[in-house]
Amino acid sequence: MTPFTARVVRLIQGIPEGRVMTYGQIARRAGSPRGARQVVRILHAMSERHRLPWHRVVNARGEIAIPDAAGREMQAQLLRREGVAVDAGGRVDLARFMHEPEWDAGW
DNA sequence: GCCATGGCTAGTA
DNA sequence: GCCATGGCTAGTA
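In what follows, the accompanying structure is described. What you are looking at is a predicted structure, and each value in this text was computed from that prediction instead of being measured.

The rules behind these values
- Residues numbered from 1 in each chain as written.
- Chains lettered and ligands numbered in written order.
- Predicted model: local features only at pLDDT ≥ 70, side-chain atom pairs only at ≥ 80, totals over all residues.
- Heavy atoms only, no water.
- Helix = DSSP H or I, 4+ residues; strand = E, 2+ residues; numbered from the N terminus.
- Buried < 20%, exposed > 50% of the residue type's maximum accessible area, 1.4 Å probe, protein only.
- Contact = heavy atoms within 4.5 Å.
- Areas by Shrake-Rupley, 256 points an atom, 1.4 Å probe, with all protein chains shown as cover.
- Lys, Arg positive; Asp, Glu negative; His and termini not counted.
- Charge placed at Lys NZ, Arg CZ, Asp CG, Glu CD.
- Near = heavy atom within 4 Å.
- Polar contact = N/O pair within 3.5 Å; in protein donor to acceptor, adjacent residues only side chain to side chain.
- Nonpolar A, V, L, I, M, F, W, Y, C, P; charged D, E, K, R; others polar.
- Salt bridge = Lys/Arg side-chain N within 4 Å of Asp/Glu carboxyl O.

### Looking at the overall build of chain A
- Regarding its fold elements, chain A presents five helices and two strands.
- Secondary structure of chain A in N-to-C order comes out as α-β-α-α-β-α-α.
- With respect to the principal axes defined by its C-alpha atoms, chain A has extents near 40 × 25 × 20 Å.
- By the burial criterion, 47% of the 107 residues in chain A qualify as buried.
- Relative to all contacts within chain A whose residues are 6 or more apart in sequence, the contacts with residues 24 or more apart total 64%.
- Surface exposure of chain A reaches about 6400 Å², of which carbon and sulfur atoms provide 50%.
- In chain A, 17 positive and 11 negative side-chain charges are present, and the distance between their average locations comes to 6 Å.

Pasting the structure below:
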């Protein structure tokens with residue numbers, strides 16, 4: 001695991017219940033302002049092994065961005081279960097639910 | 001080294 | 001257009 005990957009993992013692990021972060025926001029906090037797509041990759045590769053709350057990551061517009069319908073539905077359920085309002089279009093109000101970590105992953 | 005990958009995104013038209 | 005990875009390949013040693 002590279003240092004960048006480790007920082008991304010820690011940031012995602014630090015998202016509390018009932019809050020979300022965006023791909024780009026995580027990339028910025030991990031020191032790679034335009035690395036949003038790397039966050040996608042890491043989510044795929046590391047979610048299981050590192051017990052990442054993958055469902056707390058949405059795109060810059062607050063939308064659930066999983067390709068297949070079943071996955072989108074599952075993410076919406078997981079979020080609602082912890083108190084995040086997801087509208088019919090699969091959108092979350094970032095003004096209400098976005099998590100801003102106190103710390104930038106140390107680098 | 002090269003190249004595909006990927007659930008993106010800032011900022012035009 | 002961006003860019004960090006992993007896998008594969010040509011082509012040296």
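### Regarding the protein's contact with DNA strand B
- Residues in close proximity to DNA strand B total 14 residues, the closest being Tyr23, Gln38, Leu43, Ala60 and Ala65.
- Within 4 Å of the protein, the contacting atoms of DNA strand B are 49% sugar and phosphate, with bases supplying the remainder.
- One of the side-chain N or O atoms of glutamine 38 is found 2.6 Å from a base nitrogen in DNA strand B.
- Looking at the surface near DNA strand B, the elements with two or more residues in it are helix H2 (23–29) and helix H3 (36–46).
- Per-element accounting of the surface near DNA strand B gives the leading share, six residues, to H3.
- Of the residues in the surface near DNA strand B, the class split is eight nonpolar, four polar and two charged.

### Points about the pattern of salt bridges
- One pass over the structure, following the stated rule, counts five salt bridges.
- Where glutamate 82 meets arginine 56, a salt bridge forms, and the shortest distance between an N and an O atom there is 2.6 Å. Placement of the pair is glutamate 82 in the loop between helix H4 (69–81) and helix H5 (94–97) and arginine 56 in the loop between H3 and strand E2 (57–58), with a sequence separation of 26 residues. Like glutamate 82, the residue arginine 56 is buried in the burial classification.
- Taking the shortest distance from any N to any O, the salt bridge between arginine 91 and aspartate 87 comes out at 3.5 Å.

So far we have only geometry, and geometry alone does not tell us how the molecule works.
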